[in-house]
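# Inside the fold
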Amino acid sequence: MKSSYLRAGAALACALTLSACGGSDGNMLLGGQFSGVTKTGLVLTNNGGSDLAVTPTGTGTGEFYFPGLLESDDKYDVQVKSIPSNAEKCEPFYNTGRVVYDVLSVRIICTLKKHELRGTVTGLTGANLVLINGSTRVPVPAGATTFSMLKIDEDAPYGITILTQPDNQTCTVANGTGTMGANDVTNVAVTCGPRT
């Protein structure tokens, strides 16, 4: 009887010791942050295991976590399995190692495809015409027949307007707003005439 009490006490002591030293096994998170993800299609894997589809956000940045918990000393190797259709590439950083604590340092950085935003100019004889799209300002010299803005991200909105009218003229913009698709936008038209 006494020996059974001793055995039970020893078992309890072992359990408490294991809990104190290794109680975190099987409870380690694996995740990190992503950027440049504005639409679905980004899929990650860890050690070639189950897929993790990353949910995009309005800002393109956010966090992700694999559903399975890891144990101490487990290896992890997070790789990109597929990318969104509007991404040029998605690269993993700080994505391999062994688990000691929760791993929240993985970074997935996606670079979006960019496309041309340009158009034609007719009737421009005056100087000082300036077009604007967001924070991008583009001066258009007198006599120009074309213009080109900075390239913009696929699926990003654009809105070209006139910041400064040319000397002694008034210009209008047609087809100046929209959302960038998978191809260059080349049909923006700026038409200028005498100021009335």
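For the structure itself, consult the block above.
Residues numbered from 1 in each chain as written. Predicted model: local features only at pLDDT ≥ 70, side-chain atom pairs only at ≥ 80, totals over all residues. Heavy atoms only, no water.

### Considerations on a nonpolar patch on the surface
Together, L29, Y65, L69 and L104 make up an exposed nonpolar region whose accessible area comes to about 330 Å². Structurally, L104 is set in strand 8 (residues 103–112). When its relative accessible area of 42% is taken as the criterion, L104 is described as partly exposed. (Patch = residues over 30% accessible without salt bridge, like charges linked within 9 Å, V, L, I, M, F, W, Y side chains within 5 Å. Areas by Shrake-Rupley, 256 points an atom, 1.4 Å probe, with all protein chains shown as cover. Salt bridge = Lys/Arg side-chain N within 4 Å of Asp/Glu carboxyl O. Helix = DSSP H or I, 4+ residues; strand = E, 2+ residues; numbered from the N terminus. Buried < 20%, exposed > 50% of the residue type's maximum accessible area, 1.4 Å probe, protein only.)

### Some thoughts on the state of the cysteines
Enumeration according to the criterion identifies two disulfides in this entry. Disulfide connectivity for the protein chain, with bonded cysteines indexed by sequence position, reads 1-2, 3-4. (Disulfide = S-S within 2.5 Å.)

### What to know about the pairing of strand 12 (residues 136–140)
What you see with strand 12 is a clean split: T136, V138 and V140 sit on the buried side and R137 and P139 on the side with no burial. With five bridges joining them, strand 11 (residues 129–133) and strand 12 adopt antiparallel strand pairing. Following the sheet pairing, I132 is matched in strand 12 by R137. Hairpin connection from strand 11 to strand 12: two residues lie between these consecutive antiparallel strands, with G134 at a positive phi of about 65°. (Pairing = 2+ DSSP bridges.)

### Side note on the nonpolar core
Ranked by size, the top nonpolar core spans 20 residues in total, and within it L30, L42, L44, F64, F66, V106 and I108 carry the most contacts. At the level of secondary structure, the elements contributing two or more residues to this core comprise strand 1 (30–35), strand 5 (75–82), strand 6 (87–93) and strand 8. The element best represented in this core is strand 8, accounting for four residues. Residues contacting L42, with those up to four places away along its chain left out, are V37, L52, A53, V54, V80, S82, I83, P84, C90, I108 and C110. Core analysis: the next-biggest nonpolar cluster, separate from the first, contains 19 residues, L117, L124, M149 and I160 among them. (Core = buried A, V, L, I, M, F, W, Y, C linked by side-chain atoms within 4.5 Å. Contact = heavy atoms within 4.5 Å.)

### With respect to the sheet that holds strand 10 (residues 117–122)
Pairing in this open sheet of four strands is mixed, and the strands run 13-10-18-16 from one edge to the other. The strands lining the two open edges of the sheet, one partner per strand, are strand 13 (146–148) and strand 16 (169–174). Ignoring which end each strand starts from, the neighbouring axes of this sheet average 25° apart. The pairing of strand 10 with strand 18 (residues 185–194) spans five bridges and is classified as parallel. Paired with T122 across the bridge in strand 18 is T191. (Axes fitted to C-alpha atoms, helices over the stretch in contact; angles between N-to-C directions.)

### Description of the sheet that holds strand 12
Taken in spatial order, the four strands line up as 12-11-15-17 in an open sheet, and their pairing is antiparallel. Strands at the two margins of the open sheet, each flanked by one partner only, are strand 12 and strand 17 (177–179). Neighbour-to-neighbour, the strand axes of this sheet turn through a mean angle of 25°, independent of strand direction. Here strand 11 runs beside strand 15 (residues 157–164); their pairing, made up of four bridges, is antiparallel. From the neighbouring strand, V130 faces strand 15, where its bridge partner is T164.

### Some remarks on the pattern of salt bridges
Applying the stated criterion across every chain, the model contains seven salt bridges. Across the pair K81 and D51 runs a salt bridge whose closest N-O atoms are separated by 3.0 Å. Linking K81 in strand 5 with D51 in strand 3 (residues 51–53), this pair joins segments that are 30 residues apart in sequence. For K81, a relative accessible area of 54% gives the class exposed. Overall, the relative accessible area of 44% leaves D51 in the partly exposed class. The salt bridge involving K89 is made with E91; its shortest N-O contact spans 3.8 Å. Owing to a relative accessible area of 34%, E91 belongs among the partly exposed residues under this scheme. Where salt bridges share partners, they join E116, R118 and D184 into one cluster.

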